[in-house]
Amino acid sequence: MSYNAFITRETIESDAEGPLADKTVAVKDNISTEGVRTTCGSAMLEEYVPPYDATVVERLLDAGATIPGKTNMDEFGMGTTTETSAFGPTDNPAAEGRVPGGSSGGSAAAVAAGEADLALGTDTGGSVRCPAAFTGTVGIKPTYGLVSRYGLIAYANSLEQIGPIAPSVEEAAELLEVIAGPDERDATTREAPWASEERAGDAREQREASGDSYADAADGDVEGLEIGIPTELLDGADEEVVETFWDAIDELEARGASYHEVSMESLEHAVEAYYVIAMSEASSNLARFDGVRYGPTPDYEGNWNEEFAAVREEGFGEEVKRRILLGTYALSAGYHDKYYKQAQDARAWVKQDFDSALEEADVLASPTMPVPPMERGESLDDPLTMYLADANTTPVNLANLPAISVPAGETSDGLPVGLQLIGPAFGETEIIRAGSALA
Amino acid sequence: MTAQAAESRDLAVVIGLEVHVQLETDTKIFCGCSTEPAEEPNTNTCPVCLGLPGALPVLNEGAVEAAVKVGKAIGASIPEETAFHRKNYYYPDLPKNFQITQYDAPICQDGVLEFGHEGERRSVGIRRAHLEEDPGSIKHVREGTESLEARTCSIDRADYTLIDYNRAGTPLMEIVTEPDFRDPAEVRAFLEKLEEVLEYLGVFDPTRDGSLRIDANLSVVDAEDVDADGEIDEDVLEEANRTEVKNISSHKGAEQALSFEASRQKKLLESGRAVAQETRHFNETHGNTVAMRSKEEEKDYRYFREADLPPLQVSDWKDEIEIPELPDARRERFQAEYGLSAEAASKLTSTKQVADFYEQLAREYDADLVATWVADNLLGELNYRDMDVTDIEDRLEEIATLVELVAEEEITAKNARETVLRGMLDDGDDPKTIVDREGLGKTSGDAVQEAVEEAIEENPDAVEDYHSGEDGAINFLVGQVMQKTGGSADPGEVNGLLREELEG
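Along each chain, residues carry numbers from 1 onward, in the same order as the chain's sequence is written. Labels are handed out in written order, letters beginning with A for the chains and numbers beginning with 1 for the ligands. Local features in this predicted model are restricted to residues whose pLDDT is 70 or higher, and side-chain atom pairs enter the listing and the counts only when it is 80 or higher, whereas totals over whole chains, interfaces and linings include all residues. Each side-chain value is worked out from all heavy atoms of the structure, with water and hydrogens disregarded.

- Chain B appears in an unreviewed UniProt entry as Aspartyl/glutamyl-tRNA(Asn/Gln) amidotransferase subunit B from Halapricum hydrolyticum.
- UniProt positions are given in the numbering used here, feature names are shortened, and annotations may be inferred rather than shown by experiment. What the UniProt record of chain B gives under Sequence similarities (unreviewed entry) is the line "Belongs to the GatB/GatE family. GatB subfamily."
- The UniProt entry for chain B carries the following text under Subunit (unreviewed entry): "Heterotrimer of A, B and C subunits."

- As annotated in an unreviewed UniProt entry, chain A is Glutamyl-tRNA(Gln) amidotransferase subunit A from Halapricum hydrolyticum.
- Recorded in UniProt for chain A, the comment headed Catalytic activity (unreviewed entry) runs: "L-glutamyl-tRNA(Gln) + L-glutamine + ATP + H2O = L-glutaminyl-tRNA(Gln) + L-glutamate + ADP + phosphate + H(+)".
- Of chain A, the UniProt comment under Function (unreviewed entry) reads exactly: "Allows the formation of correctly charged Gln-tRNA(Gln) through the transamidation of misacylated Glu-tRNA(Gln) in organisms which lack glutaminyl-tRNA synthetase. The reaction takes place in the presence of glutamine and ATP through an activated gamma-phospho-Glu-tRNA(Gln)."

As structure tokens, then:
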């Protein structure tokens, strides 16, 4: 059956020899592909065909990958269920009738259904990890600055990264290897500062010494690994999710890891801070879609502002309009200090809390999502509940850290549950090594 | 307005400026596109300056260097770290509907620019100067069959609007002054000086269309609120309603717009009416200003940090950026080093190009002669033709050749200016062509010698007269030689040569 994982099925071939020569890699539809339309799941960009490739697309093609198409997503990445897409919802191959998570739901569903070997998603507040958790796949959100965003159509540019989704940790790591690394077209990319950190973990030293790839780190060796578990990320989570989470932690412990609980008070405020920042940035990033060059061009009468408003009213979906309005409000004179500035302060606090927690632990662990995949249609009318489902993933974006979601097991109903492992900045090898013990 | 009302208040004008200067760089501020004006619209563009979805800005270091040079020239403080913000507003010439600019961390703060006005030294504070990207340009057009130029019109009569993104992303520097101006003429003098300094720094091309754009804030206060040093209490300024005049694009326009605005506000106040706090548009054709929008309608730009550009550390870098000798210093040095008068030094340092040209020639030839040639002859003839040095910048080699001909006394000064220089400027010929064509070259020694010998041989009677002591005979022979050489020989020299030959 079709899961509606793709918005556009158009194959982009590559003749290059490379590590992905025999692989298909589905690409989320907010990543620019030259000559192949890139819609962001929005009617506004239904006919937009980019004249250039995103850096990650260039790197995929240079590595020999075949791109089988562009995957479905919540409109502009704004959602946790892939139901806000203008191209219809995507079903969950691992739990039919339920949402595949979002916003990279099409990418995760394509991998889970075997319609692509691998996929690229983007993660602004959990959009790679959530669908990985809901579809029983692996997803990595890289450290901010590890992967070039050039060609990624921005939702919230200070938060998002492109990341791999794959059936296993090793395959996700192989794909990360291909897309990672500085890009002169993205000034926020950096070379991973392996040696410079005072807290260089074993994995990092090993990688530095041997020049091993990310995939080599997927050796399942967690002997001596110290795991910190932020209690705030278990509070309020679904009981069965929590149980499955602890089963996974027990397994890691059985293989030589140890854990301790840690309290991170700032996390209570992370979702709020995240949404204020993400919406504020979105209100600016999406301003260019005004009908002059993109979107429906009906023959409106009136001045420019009236025409812009009419085009945006028609071209954007409800959730996008809600976030643009809230973001515009948060940045406005008189409210800027109360919302945007305070959210930035909270962001700094979250970063600090993670830094402290990671001084005592190699990685931090939590359920990726506090709930199992929802029934389709269940959460659309209740945006606040949907936002709160991002409680465990958004803090990682605020702190610019890397995190991986690996399958932790299933609920008694057979619904997938994901385990999230968070590492220090540029500590991808550590979360890959730890995650590979489970998947 | 009654005479009584006019007398009842003594008013003073307060002006502050926001000057937008296009910085001369090879490429745009956030992408690799050329900043050269293009023939075709929308050709010097790429995903970045078109604001295509997914494209990201990367800062051009050349623009930062240019800005640091400006900062150094105006003695501004340049912070350790500078950062970019987004200024959000919707306008069709703005590809992203936000402009990347600087907000709370500008690259230059607290500078000062000194200039001369009515024989006095004036100095105006520069509050800040920051980098930003230029929007595209738009053209309002009527339907019709005539040429596009002919159909270009004002927005209210237009059927549609064309957008050209070639200009989008050109680096701009916005220079914000303190409200230190007390008179529109002062503004003009300041702008002239500012342009001179920017040109000296090599960061500005005044000939480029739209390279200088000025917004001016003007308010009128009671003269008694201005103290002896010209300072005005901040509360008074805060309270006075001011207008912002936009669309000024020249020094002259600035003086004109602000003179109009000053007298408009004075008249309102003198007749007991209030000045509305508003933005006004300068109409260069009519020399007046018209209301655009009131302050209440002004936009909230919702500034916030541009996360795509990490904060830039300029602290260690700025020390490596050097600036050339500035006009004031050069003027003084010219007087001391070449013994020039203040007036000549001033003329010769009016632009860096002129000063460099003078100095290049003065090192080779007599400094006084070169000064006369460049300051009086060249600039004078250019001025007469409404031209300036930039119009002949590719012909400076030829001018140098002409000066050399004069300095080496190959042609007379009079011929050099009246025939050669004017011919060069009017007909575009090179100096040697004109000299040859007009036979202006002082004839070379060999040819004169030949003519002398011929004259003696052909005129035995005159030779005889000379030997018998008749002095007039030599004059006859000189005349013969001059005739043979087409008047280009030096009569004194001919006289000497003849005597030598006749005595020998």
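Remarks on the UniProt feature "active site" (unreviewed entry) in chain A
All names here are of chain A.
- In the numbering used here, UniProt assigns the "active site" (unreviewed entry) feature to Lys 28, Ser 103 and Ser 127. The largest pairwise C-alpha distance within this set of annotated residues, which runs over 100 residues, is 10.9 Å, so the set is compact in three dimensions. In the annotated group above, the second largest cavity draws its lining from Ser 127.
- Comment: elements are numbered from the N terminus, with helices defined as DSSP H or I runs of at least four residues and strands as E runs of at least two. Looking at the secondary structure, you find Lys 28 in strand E2 (residues 25-28).
- Exposure categories follow from relative accessible area, calculated using a 1.4 Å probe and restricted to protein chains: below 20% of the type maximum is buried, above 50% is exposed, and the middle band is partly exposed. We classify Lys 28 as buried; its relative accessible area is 0%.
- Contacts are residue-level and defined by heavy atoms, with any inter-residue pair within 4.5 Å sufficient. Those residues within four positions of Lys 28 in sequence are excluded, and the remaining contacts are Lys 70, Thr 71, Met 73, Ser 103, Ser 104, Ser 107, Leu 120, Gly 121, Thr 122 and Ser 127.
- Residue placement: Ser 103 occurs in the loop between strand E3 (70-71) and helix H2 (105-112).
- Since its relative accessible area comes to 1%, Ser 103 is described here as buried.
- In this structure, Ser 103 is in contact with Lys 28, Asn 72, Met 73, Asp 74, Gly 77, Met 78, Gly 79, Thr 82, Thr 122 and Ser 127, ignoring residues within four places of it in sequence. Definitions used throughout: a 1 Å grid over protein atoms alone; a cavity as a set of points that fits a 1.4 Å probe which cannot get out; a pocket as an open set with protein on both sides within 12 Å along at least five of seven lines; a lining residue as one with an atom within 4 Å of a point.

Digging into the pairing of strand E8 (residues 258-262) of chain A
Residues and elements named next belong to chain A.
- Whether two strands pair comes down to DSSP finding at least two bridges between them. The sheet contact formed by strand E7 (residues 226-230) and E8 spans 5 bridges and is parallel. Within E8, the position partnered with Ile 229 by the bridge is Glu 261.
- Note that the unit made of E7, helix H6 (residues 239-254) and E8 has a crossover that is right-handed. Note on handedness: a clockwise path from strand one over the helix to strand two, with the strands aimed away from the viewer, defines a right-handed crossover.

Things to note about the layout of surface pockets
- Approximately 1,300 Å³ is the volume attributed to the second largest pocket.
- If you trace the second largest pocket, you find 47 residues lining it, with Gln 344, Arg 347, Lys 351 and Asn 400 of chain A together with Arg 305 of chain B closest to the centre.
- Elements supplying a minimum of two residues to the lining of the second largest pocket: helix H10 (337-357) of chain A together with strand E14 (304-305) of chain B.
- Looking at which element gives the most residues to the lining of the second largest pocket, the answer is H10 of chain A, with 7 residues.
- Considered class by class, the residues forming the lining of the second largest pocket number 21 nonpolar, 11 polar and 15 charged. Grid points are joined across faces, edges and corners, and a volume is the space filled by probe spheres set on the points. Each residue is assigned to one of three groups, with Ala, Val, Leu, Ile, Met, Phe, Trp, Tyr, Cys and Pro labelled nonpolar, Asp, Glu, Lys and Arg labelled charged, and all others, Gly among them, labelled polar.

A closer look at empty space enclosed by the protein
- Overall, the coordinates contain 6 cavities of 30 Å³ or more when judged by the stated rule.
- For the largest cavity, the calculated volume is near 190 Å³.
- Forming the boundary of the largest cavity are 24 residues, of which Arg 288 of chain A together with Ala 55, Leu 56, Pro 57 and Lys 96 of chain B lie nearest the centre.
- Along the lines of polarity and charge, the residues of the lining of the largest cavity split into 12 nonpolar, 4 polar and 8 charged.

Observations concerning helix H7 (residues 327-338) of chain B
Residue and element names in this part refer to chain B.
- Taking 1.5 Å of rise per residue, 12 residues should cover 16 Å, and H7 covers 16 Å from first to last C-alpha, within 8% of that figure.
- Taken as a whole, H7 has its buried residues at Pro 327, Arg 330, Arg 331, Phe 334 and Tyr 338. Across the axial projection of H7, the buried residues extend over an arc of 105°, all falling on one side. Among the exposed residues of H7, those oriented more than 90 degrees off its buried face are Glu 332 and Ala 336.
- The secondary structure elements touched by the buried residues of H7 are helix H4 (184-200), helix H8 (342-348), helix H9 (352-362) and helix H10 (367-384).
- Where H7 terminates, the next one or two residues include Gly 339, which has phi positive at roughly 60°. Expected span of a helix: the number of residues minus one, times 1.5 Å. Starting at the helix axis, one direction is taken to each C-beta atom, and the arc is that of these directions.

Side note on the state of the cysteines
All names here are of chain B.
- Note on terminology: disulfide denotes any pair of cysteine sulfur atoms within 2.5 Å. On inspection of all chains with the given rule, the structure shows 0 disulfides over all chains.
- Of all cysteine sulfurs, the one in Cys 46 lies closest to Cys 31, which takes part in no disulfide; the gap is 3.7 Å.
- Judged by its relative accessible area of 12%, Cys 31 is buried.
- Cysteine Cys 46 remains unbridged, with the sulfur of Cys 33 as its closest cysteine sulfur at 3.7 Å.
- Using a relative accessible area of 18% as the deciding quantity, one classes Cys 46 as buried.

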